[in-house]
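As a plain string of letters, each chain reads:
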Amino acid sequence: MNAVLRLSMSRADGDEGGGGSSETAQQTEEKTPEGKLLGKLSATTSSPGWTKVSCPCCESQRVEPLVLVKLGEKVRPETKRWLMRVIGAPQKDGGAALLAHPGEDATGDIIVLSAPRCTLLRATEELGLCKTYHSGDMEAFSYNDRDSFNDSDNMEAFLTLAERQYIVKYELDGLRAQRDLRIPGLPDSCTLQHRNNIWQKLGSAGVIVDTFPLHNPEQLKELSEAWYSGNQLAQPLDSVNSYFGSPVAFYFSFLDFYTWSLLPPAIVGLSITYFSGEAQKEMDDSVSGSPVQSIEADSGPVVGGHMIQAVFSMLWSTVVMELWKRRSSTLSYRWGTLHLAERFAEPRPGFHGDLGVNPVTGRMEPLFPEWQRDVRMALVSVPVVGLFLGLVVVGMLGFYWGEAQVQQLHTDWDSLLSQTLLYMPSVLHIVYSNVLATVYRGVAKSLTEYENHREESAYEKHLTAKVLVFTFFNCFAVLFHIAFFKQDVPLLRKRLASLLIITQLVNQVTEVVIPFLVDRFISAPHRTESEDDPPEDKFRNQSTLPAFPGLFAEYIELLVQFGYLSLFSCVYPLTAVLLLINNLTEIRSDAYKICKLFRKPFAPPVASMGVWRIAFEVLSFASVVTNCWLLMLSPWLQELCQEGGLTGTNILMLAVLVEHLLILVKVVLAVLIPDEPDWIRKKIEHIEFTSMQALREQKLHSEKS
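In this report, the structure presented in the accompanying data block is examined.

## A look at the overall build of the protein chain
Stage number 1. A count of helical and extended segments in the protein chain gives 25 helices and 12 strands.
Stage number 2. The buried share of the protein chain, taken over its 705 residues, is 51%.
Stage number 3. The long-range fraction of contacts in the protein chain, counting pairs at least 24 apart against all pairs at least 6 apart in sequence, stands at 77%.
Stage number 4. Surface summary for the protein chain: the accessible area is close to 32,100 Å², and the carbon and sulfur share equals 61%.

## So, helix α10 (residues 246-261)
Stage number 1. The end-to-end C-alpha distance of α10 is 22 Å, a good match for the 22 Å that 16 residues give at a rise of 1.5 Å each.
Stage number 2. The element α10 is extensively covered by neighbouring structure, given that 15 of its 16 residues are classed as buried.

## Focus on a nonpolar patch on the surface
Stage number 1. Together, Leu646, Leu654, Leu657, Val658, Leu661, Leu664, Val668 and Leu672 make up an exposed nonpolar region whose accessible area comes to about 700 Å².
Stage number 2. By the element assignment, Leu646 lies in the loop between α23 (635-643) and α24 (648-672).

## A short note on the environment of Ala615
Stage number 1. Along the chain, Ala615 turns up in helix α22 (residues 611-632).
Stage number 2. The class of Ala615 is buried, set by a relative accessible area of 13%.
Stage number 3. Distance from Ala615 to Val469, taken between C-alpha atoms, is 9.6 Å for residues 146 residues apart in sequence.
Stage number 4. Here Ala615 is in contact with Leu468 and Leu559, once residues within four sequence places are set aside.

## A closer look at unusual backbone geometry
Stage number 1. Not every positive phi belongs to a glycine, and Ala97 is a case in point at roughly 55 degrees.
Stage number 2. Turning to its location among the elements, Ala97 is positioned in the loop between α3 (77-88) and β6 (99-101).
Stage number 3. Note on Ala97: relative accessible area 16%, which makes it buried.

## Brief notes about the environment of Pro425
Stage number 1. Turning to its location among the elements, Pro425 is positioned in helix α16 (residues 424-451).
Stage number 2. On a C-alpha basis, the gap between Pro425 and Phe399 in space is 5.6 Å, while along the polypeptide they are 26 residues apart.
Stage number 3. With sequence-adjacent residues up to four places away left out, Pro425 is seen in contact with Phe399, Gly402, Glu403 and Val406.

## Description of the packing of aromatic side chains
Stage number 1. Applying the stated criterion across every chain yields a total of 32 aromatic pairs.
Stage number 2. Between Phe472 and Phe480, the aromatic rings sit 6.1 Å apart at their centres with planes inclined by 45 degrees, giving tilted as the arrangement.
Stage number 3. Looking at Phe472, the relative accessible area reads 34%, which means it is partly exposed.
Stage number 4. Under the relative-accessibility criterion, Phe480 is labelled partly exposed at 21%.
Stage number 5. Ring centres of Phe476 and Tyr564 lie 5.6 Å apart, and the angle between their planes is 85 degrees; this geometry places the pair in the edge-to-face category. Separated by 88 residues along the polypeptide, Phe476 in helix α17 (residues 456-486) and Tyr564 in helix α20 (residues 552-568) bring together distant segments of the chain. Of the two residues, Phe476 and Tyr564, both sit in the buried class.
Stage number 6. Among the aromatic residues, ring-to-ring pairing joins Trp227, Tyr243, Phe244, Tyr251, Phe252, Phe552, Tyr555 and Trp612 into one connected group.
Stage number 7. It is Arg146 that lies over the ring of Tyr143; its NZ or CZ is 4.1 Å from the centre.
Stage number 8. Arg599 extends its terminal NZ or CZ atom over the ring of Phe212, reaching a point 4.9 Å from the ring centre.

## Brief notes about the environment of Leu255
Stage number 1. Positionally, Leu255 belongs in helix α10.
Stage number 2. Taking relative accessible area as the criterion, Leu255 reaches 0% and is therefore assigned buried.

## Notes on the nonpolar core
Stage number 1. Ranked by size, the top nonpolar core spans 151 residues in total, and within it Leu83, Leu113, Trp227, Phe244 and Tyr564 carry the most contacts.
Stage number 2. Counting residues per element, this core draws most heavily on α17, at 12 residues.
Stage number 3. One finds Cys130, Tyr333, Ile680 and Ile687 within the second-largest nonpolar core, a separate group that totals seven residues.

## Some thoughts on the pattern of salt bridges
Stage number 1. Under the counting rule described, the total for this entry stands at 24 salt bridges.
Stage number 2. If you follow the salt bridges from partner to partner, you end up with Glu322, Lys325, Arg613, Glu617 and Asp675 in one network.

## Focus on the packing of helix α8 (residues 217-229) against helix α9 (residues 237-244)
For any two helices packed against each other, the geometry is given by the interaxial angle and the distance between the axes.
Stage number 1. Between α8 and α9, the least distance of the axes is 10 Å, while the angle of their chain directions is 150 degrees. Taken together, the axis directions place α8 and α9 in an arrangement best described as roughly antiparallel. Remark: the crossing between α8 and α9 carries left-handed chirality. Counting all contacts with α8, which are made through Gln219, Leu220, Leu223 and Trp227, the residues of α9 involved are Ser239, Val240, Tyr243 and Phe244.
Stage number 2. For the contact of α8 with α9, the class distribution of residues is six nonpolar, two polar and no charged.

## Structural notes on the sheet that holds β6
Neighbouring strands of a sheet are bound in pairs by backbone hydrogen bonds; such pairs are parallel or else antiparallel.
Stage number 1. Ordered by their spatial adjacency, four strands build an open sheet running β6-β7-β5-β10, and the pairing between neighbours is antiparallel. Here the strands that pair on one side only, and so sit at the sheet edges, are β6 and β10 (208-213). Averaged over neighbouring strand pairs, the angle between their axes works out to 20 degrees when direction is ignored.
Stage number 2. As paired elements, strand β5 (residues 67-71) and β10 share five bridges and run antiparallel to each other. Its bridge partner lying in β10, Leu71 is registered against Ile208.
Stage number 3. Sheet strands in contact with helix α19 (residues 535-543) are β5, β7 (110-114) and β10, and its direction is about 100 degrees off that of β10.

## Describing the side chain of Gln309
Stage number 1. Structurally, Gln309 can be placed in helix α13 (residues 302-334).
Stage number 2. Among the residues examined, Gln309 registers a relative accessible area of 0% and is labelled buried.
Stage number 3. A distance of 3.5 Å separates a polar atom in the side chain of Gln309 from a polar atom in the side chain of Ser569.
Stage number 4. With residues near it in sequence (within four places) discarded, Gln309 still touches Val268, Gly269, Ile272, Ser569, Cys570 and Pro573.

## Examining the state of the cysteines
Stage number 1. Under the counting rule described, the total for this entry stands at zero disulfides.
Stage number 2. Free cysteine Cys570: the closest other cysteine sulfur is in Cys628, separated by 9.7 Å.

What counts and how
- Sequence order as written defines residue numbering, which begins from 1 separately in each chain.
- Since the coordinates come from a predicted model, pLDDT governs what is reported: local features require at least 70, and pairs of side-chain atoms require 80 or more to be given and counted, while whole-chain, interface and lining totals use all residues.
- Derived side-chain values reflect all non-hydrogen atoms in the structure, with water molecules and hydrogen atoms excluded from consideration.
- A helix here means a DSSP run of H or I that spans at least four residues, while a strand means a run of E at least two residues long, and both kinds are numbered starting from the N terminus.
- Accessible area is worked out with a 1.4 Å probe on protein chains only. A residue is then buried under 20% of its type maximum, exposed over 50%, and partly exposed in between.
- We call two residues in contact when some of their heavy atoms are within 4.5 Å.
- Only the protein chains shown count as cover for residues, with accessible areas throughout obtained via the Shrake-Rupley method and a probe of 1.4 Å.
- For a helix, the expected span equals 1.5 Å multiplied by the residue count minus one.
- The patches reported here contain residues having more than 30% relative accessible area and no salt bridge. Joining distances are 9 Å for like charges and 5 Å for nonpolar side chains (Val, Leu, Ile, Met, Phe, Trp, Tyr).
- The rule for a salt bridge is simple: a side-chain nitrogen of Lys or Arg has to be within 4 Å of a carboxyl oxygen of Asp or Glu.
- Any two of the Phe, Tyr and Trp rings considered here, Trp counted by its six-membered ring, make a pair once their centres fall within 6.5 Å; the pair's planes then place it as stacked at under 30 degrees, edge-to-face at over 60, or tilted in between.
- Two conditions define a charge located above a ring, namely a distance within 6 Å from the ring centre to NZ of Lys or CZ of Arg, and an angle within 35 degrees of the ring normal.
- What we call a nonpolar core is a set of buried Ala, Val, Leu, Ile, Met, Phe, Trp, Tyr and Cys residues that are connected through their side-chain atoms within 4.5 Å.
- Orientation is described by lines fitted to C-alpha atoms, with helices fitted over the stretch in contact, and by angles between N-to-C directions that extend from 0 to 180 degrees.
- Orientation labels follow simple angle bins: below 35 degrees gives roughly parallel, above 145 gives roughly antiparallel, 65 to 115 gives roughly perpendicular, and whatever is left gives oblique.
- Handedness of each helix crossing follows the sense of rotation of the near helix against the far helix: counterclockwise by less than a right angle gives left-handed, clockwise gives right-handed.
- Here the term charged refers only to Asp, Glu, Lys and Arg, the term nonpolar to Ala, Val, Leu, Ile, Met, Phe, Trp, Tyr, Cys and Pro, and the term polar to all other amino acids, Gly among them.
- Between any two strands, at least two bridges found by DSSP are needed for them to pair.
- Whenever a nitrogen or oxygen atom comes within 3.5 Å of another N or O atom, the pair is scored as a polar contact, on the condition that within protein one atom can donate a hydrogen and the other can accept it, and that pairs from neighbouring residues in sequence are kept only if both atoms are in side chains.
- In this description, the term disulfide denotes a pair of cysteine sulfurs within 2.5 Å.

Written as structure tokens, this is what we have:
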């Protein structure tokens, strides 16, 4: 651990710290420039240093700073001292049982937090994390059996940095007032009521401005070199999980898996385009400004290739998602997140309701009737989502109107300018859709807060569902209308090419280029630091970085890509090629972005991609319908059916039959490919069995005592 990241513990007033390394390591560090700096900090600090620990086994000479709390400018010293006492108090007394350091002095605007061993171990059990047992297998961690788990006496080896930092946040979010009390230094209007969430109340009162995990420069540098700085193709997923947590690691694992899964459809698409002799024609149709041809002008030889592409895309999407579920379960076991127990944890900070006894846990906590949540969703959330879907339709109508106007203009002028204007409706509609999507995400977040979900996972699930419904409608409504109402395959091909090229460029600029320029020319000059700067100033510099916006936009981008490929690639076989090129750069740009351009995010343990996986599977099944009906539009197939004497009704029934047969094939593939390897299934059953045994023994022990 880099010595710059360790605040030296002051012995003033007899206070003691917890959780760290040995005195030999301390002497070694003091020989380095960073160690001398920390010695200087100890000598000049007049504050009492780290708060006390109540457990003797947690005492240590060194403490690892994990989280920084930034206070408001007008927070008085007595308020800061009271807050540090609450943070450091034992949990039985209503505290968080954490370690707190005031920074330079009691009047400073920061508090640095860490966690002692016992707090970390108890939270590990509460979260349901699995750790390596002495037998070498992963087992659900039990505090009473802690000595049987490997490295349980060394927190830096037992828990990842992301887990230790999240546990600090977990304990802070669980702080609730044991009785009505007045906060020192604040007006009476800020009085805490019984069972109020302390951290949320202090945030709304302006006492706490921000809370974020601290970067470890040494570990971050090593991760950067192994991740995006070199020429390596494989991603260091275990290191990503250790530093940034399982949500980020699962995203990059899926991005890596999905990107390399694009190779087969890319090869098929290139082969179809090349051997059909239609490469130049399709590029002209999708990139040039020549007037689009009618569907009858779509030549026959490409139909066979497009049929191959359609069937391949339908089967490919199923196989990819089934193989990903197997990989996801393996990673979840390896990272110890198979046995999470969020249902029995404290409610999330934003949850509110009438105080009562939870019938499951027996704890006093806010309770909110399920029917009230359902009423709010039915009377408020659904109409607002419907309003935004209506705005999508308005944008689509505007696109068609603009398309007709520029087509007429090009017919009248037939110039280079009018040829350029042919793409203006598509560009303006894409910009409109992106702006509308950005506004909607904020509205969806407010609606989900209003619905008042107890668990964080339920909140994320409903928020994601709202965004997914809108995104599907916003991104695919025009394509579906062109394909199935206008039945204009060349226009569909041109529109798809516009989306693939323009959207990828816009995403790269907004997600990487703009944040990089803002950081390089606006934020970085105010973040200059030297080797002699105190650790507190270096911690403060991290607060000038913008907060990490989350993985919502990243998953949405992948979902839209997956939709373009699985739903419509039969009309544009080069779709997978363009996506593969984009994603090869996306892996490194996303890695650079999270490492350099944003603050380190908190990462609650997760066992999978969650609701995003369901969304990908829904698109996979929808691909059967779209591809079947797109093939029905081909003149070659229609002519063949007419030569065979089939009526329109017979053709329709044949399409439905083929569609159902392909769905049956997808279901059979899904059944034949298990969601998890056999050895993982046995490990899960073993973990459940040992957990039941431990619960039974604990119950018997409590009855005897």
